[in-house]
There are 4 protein chains.
Amino acid sequence: MATIRVAIAGATGSAGEELLRLLLKHPHVQLTYLAASAKWDRPTSVSEVYPRFARQVDLPVESLDPARLSHVCDVAFLALPHGVSMALVPDLLASGRRVIDLAGDFRLQTPEAYPRWYKFQHANPALLQSGQAVYGLTEFHQEQIRSARLVANPGCYATSILLGVLPLLKSQIIDDGRFIVDAKSGLSGAGRKADSSLLFTEMTENLRAYQVNDHQHMPEVAQEIQRVTGQSAMMTFVPQVLPVSRGLVSTIYVRTRASAEQIEAAYQTAYPLSQAPFVRVRGQSLPQLRDVVQTNYCDIGYVPTLAMESLVVMSALDNLAKGAAGQAVQNFNLMCGFPETTGLL
Amino acid sequence: MATIRVAIAGATGSAGEELLRLLLKHPHVQLTYLAASAKWDRPTSVSEVYPRFARQVDLPVESLDPARLSHVCDVAFLALPHGVSMALVPDLLASGRRVIDLAGDFRLQTPEAYPRWYKFQHANPALLQSGQAVYGLTEFHQEQIRSARLVANPGCYATSILLGVLPLLKSQIIDDGRFIVDAKSGLSGAGRKADSSLLFTEMTENLRAYQVNDHQHMPEVAQEIQRVTGQSAMMTFVPQVLPVSRGLVSTIYVRTRASAEQIEAAYQTAYPLSQAPFVRVRGQSLPQLRDVVQTNYCDIGYVPTLAMESLVVMSALDNLAKGAAGQAVQNFNLMCGFPETTGLL
Amino acid sequence: MATIRVAIAGATGSAGEELLRLLLKHPHVQLTYLAASAKWDRPTSVSEVYPRFARQVDLPVESLDPARLSHVCDVAFLALPHGVSMALVPDLLASGRRVIDLAGDFRLQTPEAYPRWYKFQHANPALLQSGQAVYGLTEFHQEQIRSARLVANPGCYATSILLGVLPLLKSQIIDDGRFIVDAKSGLSGAGRKADSSLLFTEMTENLRAYQVNDHQHMPEVAQEIQRVTGQSAMMTFVPQVLPVSRGLVSTIYVRTRASAEQIEAAYQTAYPLSQAPFVRVRGQSLPQLRDVVQTNYCDIGYVPTLAMESLVVMSALDNLAKGAAGQAVQNFNLMCGFPETTGLL
Amino acid sequence: MATIRVAIAGATGSAGEELLRLLLKHPHVQLTYLAASAKWDRPTSVSEVYPRFARQVDLPVESLDPARLSHVCDVAFLALPHGVSMALVPDLLASGRRVIDLAGDFRLQTPEAYPRWYKFQHANPALLQSGQAVYGLTEFHQEQIRSARLVANPGCYATSILLGVLPLLKSQIIDDGRFIVDAKSGLSGAGRKADSSLLFTEMTENLRAYQVNDHQHMPEVAQEIQRVTGQSAMMTFVPQVLPVSRGLVSTIYVRTRASAEQIEAAYQTAYPLSQAPFVRVRGQSLPQLRDVVQTNYCDIGYVPTLAMESLVVMSALDNLAKGAAGQAVQNFNLMCGFPETTGLL
């Protein structure tokens, strides 16, 4: 089968490192270019940056050169800080490259949402509104992703939440369209920036909520619910960081009178094994974080309590895998015609 | 001021160790007896069991002898596994001792609740129903605690939840009486038992929910809400363990149309500084776990989102301190006529 | 290439779980039997024991049946507690199976060493003394391992120490044959037994030394040094557990007048890239634990300080990978004629 | 007893925070000034910086004003980055203040050592050489500290090492004067600076050595050994950071033919209970890190192995307490005529 030439822009961030780890194992990938997002003095061997990769790859990490990026790859993975890729993508598309963007730059379809949620004006509102960017929540858009030239890879929280609630909304299990998400994430979700609130000494033996009802993954969740179900939903969202490195679990609360059988049917309909190899519906057994860490699975379990009209869903994934780099590779597989699970099991 | 002779039964468990730590610093306490709950071969010096206490106390830890317990102390702290203290308390009371029980044996007033929630038949239903046991949620029962001979010290989750929701319920801020608690606890809450699910290797980089809507702190929460507000409430409760040693936070979700001012007023009314030295109402600033660990404070913050009729409250405490041994000492201070904060700042 | 039928005895322990993880990815392995070391009530699906393996393997875990073990596999991996495999191996060999034993039962060649170091009498002294068991320190015994029917897989500490000191001893770099090892291990090295000293609450924010100069890996280190170099060496050994799950680093101290060039030469001679794909000599850059975790590499770095005639070597590996299951698979590859790195990169 | 007016310069660093915690509990201290080392926009309440101190202190944290510092206190604790206090101390002394400096600025007596070890030229070589600065290793300089006007508080590693080896050197137990220190420290030792190598995601499940035989605590160890024993010693030093917040253990290796009795005698002579309330000699029981964390104790245990002429000593303390702020308060107590343990038990 064909070998695809692949570049990673942002290879030194936490999602970039995970992409590197996954793509090195991919049987049909030839890595051709590793670019750092930060200012970079000189080409540096990967093993100098990440000694764990010694003997596994001998490409240098270089300062990002957009012109070069447009020439050396068939597919570019962009794992750059929010607001950087929007300026790079038009040239990449124009030169015939396909792009998987892990930042938020192409997730929202309304340019005016960017100043509110991402604190920047979007540089390419026309491209955004053209609908060319396919939202890469794999399980719900497989056909579109196969032919996409630009995939906006979903946020980690958004992936976890949407995989948990879309089946319920589609099956009319949430009467009033309201749900609450109490999400807990490992710290790799915050990337590798030197921020004193992310120090070991600040976070060991700690838990911290942040951006309550004010997190940039909220509009992509709302937009995707509208797109998939035609409904508008109302989400209360409390993201929290935990003293773990990887892993994310969204505990989702809804009010419902649905029975356990109806709930199970909703999930089984949404995720038949043949169509959703990476979503494991676990019935009334709730996933632990460690069940999914270092895998591309999203595990979903639920506990209905009929007497209280209460339903608790836990949707767990590895924020760097299914929540970022793993889902990006899953989308890459679809775009290139490989089996969806290639390199991910 | 008088010195009180104090015994700790269950001194080798995690709550017992914390009691020991606190009582050693208490200016009016003379420790007279340290008894282990487990079978114990021979008296062992505390510093052999816990080297950190070397030079600070030279009492031996001995096998629990109920007759001796009844003779050597004025006040007995019982930090034993659930179901042990119910057999010890009658003799202690009969011999004139005062008792602070950290287990669940005297928290519920209905004997028939015990088989359901604690898996044992209560040995002293008459005592239970007599109302002699005062529920030791300090901030709400100060007067009764002052004259109590038997205090049932609240559970750690229950303390955190009740301090968070009682002011809202009293002020009619939760219209429908429903609330959701997504609680996260450090592992010391599970005690020191050798259970493979509590191993470091199982819990590092993990998070696990357990006993969803089926935890033994639920009935004491319901009973206390009924007692304090006259209302019956409906709680969805998801307890979860975190990879931290100490600390517990309850994230509480309610639906309300109350304003931030009304919410603040509810808390300020419930916890005036002069009456509630250990509850810190922090307004719209949410507490981190580390703000309360190793202290006897319960910190409460909240975020109302009017557009969504949504209110998020976080109520954080140290499960071994305000959630167990610290609140027990707070109650002890009231029972003995000491200032409530003695030995706890 | 041929597919090898493989059984794992002890599949529910930490080394067994890692074997399962590695062998599932091995292109030439067909897993045929998963046996638990503990008493096991009924066959249980792997995913019930370890939900992370759901969808990846559908074999049941069963109670260990030695007769069945002898019939269903070509190669048996034994990851049982010390003292169990010595009774199983003779029948396995007699029935033509090849065996890789991860316990200590066949590491020492002198039966009388067992009561001293392992607290049991060896059940098969003749087999032990026959020399049939090949010590599976792959880099030093590749030829013998290729034709071995029984491989005694080295201990995790022993692997780390020997890979660090054998090149120095062979090159006469340690004048007096004395060396000190200050070793730090993750807690998975202690397995999955429910021991209160291994609880999260005991080990988080802790470090503990144990079995100083009294650890059962000491005699296999001495025996192997004698075998490979003809020298007797004198090791001071302080093993310590760290609050990490996986990973082991031996910090080795020797007195030497050798130069950095001589030291580098010693290591390069011992580990040419073509012969030692899993030993990465890193010169004067000391490895961090995270450089090797989740890999089969042993990373070695050193710092000589000539003015003090002092040499510090750090030898780091993942105790479950190169220190146990990974090295076992490396040996399996040699035994079966596969490239040494198959399934391990 | 008199109340002492105390200022903390550097109150927002990790040692400064610990000083604040300890001094708030000290019965004879009145805190008068809290100054931050960093540029500080406006006076900020302590509880805004550290919510855990809410209700316990209401002083603001202010930008450091040297003139003000010289007027508002009797004793100044300086917990500033290395190289800052050397410019402040002369004025403080001239205005009659007494100073306890937790940085390295006055630890070494030879100005020319500063460029080598601290990367700066010392601003006050005359003061340095005058011998006015008393090295605050409490147990060895109690008399001098009582009358000191300037105490150079020892480094955390230096305290741990010196308390472990000085008794051995004084008793001629280390024949050749050589010793090896394999030290492991919690990350609070690195302070609170936003450095990406100190992020939670970099350090969880990790261990890292740094500055091997090149750490700035080495010259103060050598100088103190010379001062106390008249000997010159040769130390191999490997400092390592662990994934813990607090605590430091030095594992010390020496070659000796001394017996256990001689070793015990050396320590008992050095640390009689009446003279060294914070050094706990534990005989052949090795301390765990958790035995000393959150205390001012240094715990020392040792394992001699006569057949190998090997002695292993472990010296454990809390790097923020006995290794920094706790020892500073211990010195403060001596300087002010309070019992050495005041506020520290």
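The coordinates are above.
Residues numbered from 1 in each chain as written. Chains lettered and ligands numbered in written order. Predicted model: local features only at pLDDT ≥ 70, side-chain atom pairs only at ≥ 80, totals over all residues.

Draft legend 1. Broad picture of the overall build of chain A. Helix and strand counts for chain A come out as 12 helices and 15 strands. In terms of overall dimensions, chain A is globule-like: its C-alpha atoms have a radius of gyration of 20 Å, near the 20 Å expected for 345 residues. When its C-alpha atoms are laid out on the principal axes, chain A stretches across 65 × 45 × 40 Å. Among the 345 residues that make up chain A, the fraction classed as buried is 57%. Put simply, of all contacts in chain A between residues at least 6 apart along the chain, 70% involve residues at least 24 apart. (Helix = DSSP H or I, 4+ residues; strand = E, 2+ residues; numbered from the N terminus. Rg over C-alpha atoms; globule rule 2.2 N^0.38 Å. Buried ≥ 20, exposed ≤ 12 C-beta atoms within 10 Å, placed from the backbone. Contact = placed C-beta atoms within 7 Å.)

Draft legend 2. Looking closely at the relation of the copies chain A and chain D. With an axial shift of 0.0 Å and an RMSD of 0.0 Å, the rotation relating chain A to chain D amounts to 180°. Both chain copies can therefore be described as sitting about a two-fold axis. (Least-squares fit on C-alpha atoms with pLDDT ≥ 70 in both.)

Draft legend 3. Here's a closer look at the pairing of strand β1 (residues 4-9) of chain B. Residue and element names in this part refer to chain B. The sheet contact formed by β1 and strand β2 (residues 29-36) spans 6 bridges and is parallel. Looking across to β2, one finds that Val6 is bridged to Leu31. In this fold, the crossover linking β1 to β2 by way of helix α1 (residues 14-25) has right-handed handedness. Where β1 meets strand β5 (residues 75-78), 4 bridges bridge the pair, whose relative direction is parallel. Of the residues in β5, the one forming a bridge with Ala7 is Ala76. (Pairing = 2+ DSSP bridges. Right-handed = clockwise from strand over helix to strand, strands pointing away.)

Draft legend 4. Broad picture of the interface of chain A and chain B. Contact residues are listed per partner, giving 32 residues for chain A and 32 residues for chain B. Mapped onto the side of chain A that touches chain B, the elements with two or more residues apiece are β9 (178-185), β10 (208-209), β11 (234-241), β12 (248-255), β14 (298-305) and β15 (310-317) of chain A. Of the residues in the side of chain A that touches chain B, the class split is 18 nonpolar, 9 polar and 5 charged. (Nonpolar A, V, L, I, M, F, W, Y, C, P; charged D, E, K, R; others polar.)

Draft legend 5. Summary view of the interface of chain A and chain D. In this assembly, 16 residues from chain A lie in contact with 16 residues from chain D. When residues of the side of chain A that touches chain D are assigned to their parent elements, the largest contribution, 3 residues, is made by helix α9 (residues 200-203) of chain A. Each residue belonging to the side of chain A that touches chain D can be placed in one class, and the counts come to 7 nonpolar, 6 polar and 3 charged.

Draft legend 6. Representation of the sheet that holds strand β12 (residues 248-255) of chain B in the model. Residues and elements named next belong to chain B. Across the sheet, 7 strands lie side by side as β10-β11-β9-β12-β15-β14-β13; this open sheet has mixed pairing. Unpaired on one side and paired on the other, β10 (208-209) and β13 (279-281) mark the two borders of the sheet. As paired strands, strand β9 (residues 178-185) and strand β11 (residues 234-241) are joined by 8 bridges and run parallel to one another. The residue of β11 that forms the bridge with Ile180 is Thr236. Sheet strands touched by helix α11 (residues 260-270): β13, β14 (298-305) and β15 (310-317). Its angle to β14, the strand with the most contacts, is close to 160°. (Axes fitted to C-alpha atoms, helices over the stretch in contact; angles between N-to-C directions.)

Draft legend 7. Broad picture of the sheet that holds strand β7 (residues 133-135) of chain C. All names here are of chain C. Reading across from one edge, β3-β4-β2-β1-β5-β6-β8-β7 is the order of the 8 strands in this open sheet, with mixed pairing throughout. Pairing within the sheet leaves two strands with one partner each, and these edge strands are β3 (44-45) and β7. Pairing of strand β5 (residues 75-78) with strand β6 (residues 98-101), which is carried by 4 bridges, proceeds in the parallel orientation. The partner of Ala76 across the bridge, within β6, is Val99. Each of β5, β6 and β8 (150-152) is contacted by helix α4 (residues 85-94), which is oriented at about 160° to β6, the strand it contacts most.

Draft legend 8. Spatial organisation of the relation of the copies chain A and chain B. For these two chains of identical sequence, chain A goes onto chain B by a turn of 180° and a shift of 0.0 Å along the axis, with RMSD 0.0 Å. When the interface residues of chain A are mapped onto chain B, 100% of them again fall at the interface, so both copies present the same face.

Draft legend 9. How the structure looks around the packing of helix α1 (residues 14-25) of chain A against helix α12 (residues 321-336) of chain A. Residues and elements named next belong to chain A. Closest axis-to-axis distance for the α1/α12 pair is 9 Å, and the angle between their directions is 45°. For the element pair α1 / α12, the angle class is oblique. Between α1 and α12 the crossing geometry is right-handed. Taking contact as the criterion, the partners of Ala15, Glu18, Leu19, Leu22 and Leu23 in α1 are, on α12, Ala321, Ala324, Ala325, Gly326, Ala328 and Val329. (Parallel < 35°, antiparallel > 145°, perpendicular 65-115°, else oblique. Left-handed = near helix turned anticlockwise from the far one by under 90°.)

Function cannot be read off these values alone, since they describe shape.
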